[in-house]
Amino acid sequence: MKTYLYKMTINRSYDYLRSWSYRNHLFTNKFASILGFQKSIDDFVVLEDEKVVIGNAVLSLTPKYREVIILYYFKDLKIDEVAIILDCSVNTVKTRLSRARTMLKKSLGGILDE
């Protein structure tokens, strides 16, 4: 059993190294390092600040809109899956998602435009 698990682990590792996602990740990193697209500390701080502002805006929504935004954007669920979780129709989820986006645009103002 032990040798079988070792061999399976090794084969899975080889599969990952041959996969498209690993190659794409390597290519992206090499391309960025060649062209000098390294992020500075300032970019990192601005990005983190924007995440905090957006997070607070999402948390300020009413629960029925907040849960749709969190499930769709942060948990990466499809609209059908969100509808099943919330026990409502797909059209209801679409409507709530649209209204929540509108509310977020109003509350965030020009932050996302910059």
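Since the model is a prediction, treat every value here as computed from it, not as a measurement.

A. Helix H6 (residues 90-108), seen in detail. Relative to the 27 Å expected for 19 residues at 1.5 Å per residue, H6 spans 27 Å between its end C-alpha atoms, a close match to the ideal helical length. Of the residues making up H6, those classed as buried are Val93, Leu97, Ala100, Leu104 and Leu108. Looking straight down H6, one finds its buried side chains confined to an arc of 70°; they lie on one side. Among the exposed residues of H6, those oriented more than 90 degrees off its buried face are Asn91, Lys105 and Lys106. The positive-phi residue at the C-terminal boundary of H6 is Gly109, with phi of around 60°.

B. View of the packing of aromatic side chains. Overall, the coordinates contain one aromatic pair when judged by the stated rule. A ring pair is formed by Tyr72 and Tyr73, whose centres lie 4.9 Å apart and whose planes are at 85°; its orientation type is edge-to-face. For Tyr73, a relative accessible area of 40% gives the class partly exposed.

What counts, and at which threshold
- Residues numbered from 1 in each chain as written.
- Predicted model: local features only at pLDDT ≥ 70, side-chain atom pairs only at ≥ 80, totals over all residues.
- Heavy atoms only, no water.
- Helix = DSSP H or I, 4+ residues; strand = E, 2+ residues; numbered from the N terminus.
- Expected span 1.5 Å × (residues − 1).
- Buried < 20%, exposed > 50% of the residue type's maximum accessible area, 1.4 Å probe, protein only.
- Arc of directions from axis to C-beta.
- Phe/Tyr/Trp six-rings, centres within 6.5 Å; stacked < 30°, edge-to-face > 60°.

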